[in-house]
Amino acid sequence: AQSVTQLDSHVSVSEGTPVLLRCNYSSSYSPSLFWYVQHPNKGLQLLLKYTSAATLVKGINGFEAEFKKSETSFHLTKPSAHMSDAAEYFCVVSDLHRRFQKLVFGTGTRLLVSP
Amino acid sequence: EAQVTQNPRYLITVTGKKLTVTCSQNMNHEYMSWYRQDPGLGLRQIYYSMNVEVTDKGDVPEGYKVSRKEKRNFPLILESPSPNQTSLYFCASSLRRAGAGELFFGEGSRLTVL
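Residues numbered from 1 in each chain as written. Chains lettered and ligands numbered in written order. Predicted model: local features only at pLDDT ≥ 70, side-chain atom pairs only at ≥ 80, totals over all residues. Heavy atoms only, no water.

## A short note on the environment of Leu41 of chain B
Argument step 1. Along the chain, Leu41 of chain B falls in the loop between β4 (31–38) and β5 (42–51).
Argument step 2. A sequence separation of twelve residues divides Leu41 of chain B from Glu53 of chain B, and the C-alpha atoms of the two residues are 30 Å apart. (Helix = DSSP H or I, 4+ residues; strand = E, 2+ residues; numbered from the N terminus.)

## Considering the sheet that holds strand β8 (residues 76–78) of chain B
All names here are of chain B.
Argument step 1. Ordered by their spatial adjacency, four strands build an open sheet running β1-β3-β8-β7, and the pairing between neighbours is antiparallel. Of all strands in the sheet, those with a lone pairing partner are β1 (4–7) and β7 (65–66), marking the two edges.
Argument step 2. The pairing of β1 with strand β3 (residues 19–25) spans four bridges and is antiparallel. Each bridged residue has a counterpart across the sheet, and for Val4 the counterpart in β3 is Gln25. (Pairing = 2+ DSSP bridges.)

## A word on the pattern of salt bridges
Argument step 1. Scanning all chains against the criterion turns up eleven salt bridges over all chains.
Argument step 2. Between Asp38 of chain B and Arg44 of chain B there is a salt bridge, with the nearest N and O atoms lying 2.8 Å from each other.
Argument step 3. Residue Asp38 of chain B is classed as buried on the basis of its relative accessible area of 11%.
Argument step 4. Taking relative accessible area as the criterion, Arg44 of chain B reaches 26% and is therefore assigned partly exposed.
Argument step 5. Members of the salt-bridge network, linked through shared partners, are Lys42 of chain A together with Arg9 and Glu107 of chain B. (Salt bridge = Lys/Arg side-chain N within 4 Å of Asp/Glu carboxyl O. Buried < 20%, exposed > 50% of the residue type's maximum accessible area, 1.4 Å probe, protein only.)

Geometric values such as these leave the question of function open.
Spelled out as structure tokens, the structure:
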């Protein structure tokens, strides 16, 4: 079964500095990978997804992620953090379950942005 | 506006008192799913539905029931709630199988069972 590990439960950055949220996955085949963002008191929203096309994936709000098969990683980055980026971020991998694909969520990384 | 609507958003109840959390989507999506979110555990799938009258267990189905009588609605039923079901619940839908496409989430229902 597929799984995903988010290496940091919390990440703190200053506004204007780069963001790096780390995610490693395990998969026995070529997975689809996603990043979702959850702002306080809101549902989750898709940030970006990788589905075996370009390995560098661009998402909304200036975020991007790079799929590295050799490292089984799918880290999320942003060149310059904004206060509105403060939220919880979930790395997600697709899994095969009874012939259907299902999503397996990581435990989340809370991003804190200070002025 | 395309959306997934859950009700109630907040609920405090007592052990054993049956409750239903409703979920409705207006996007004509085939796939719907319920998740619970607990600190340090991420989101865990409770039940999902590939289409009307087709439902299946997720990873943590114990203590929950669902039904899918109409395409747009997917209620979550707690027949006899217990304190370990205190959690934040999310309903989500997708046009296609969940792994193939984007999941759209409701804003969540925070349930406390005393």
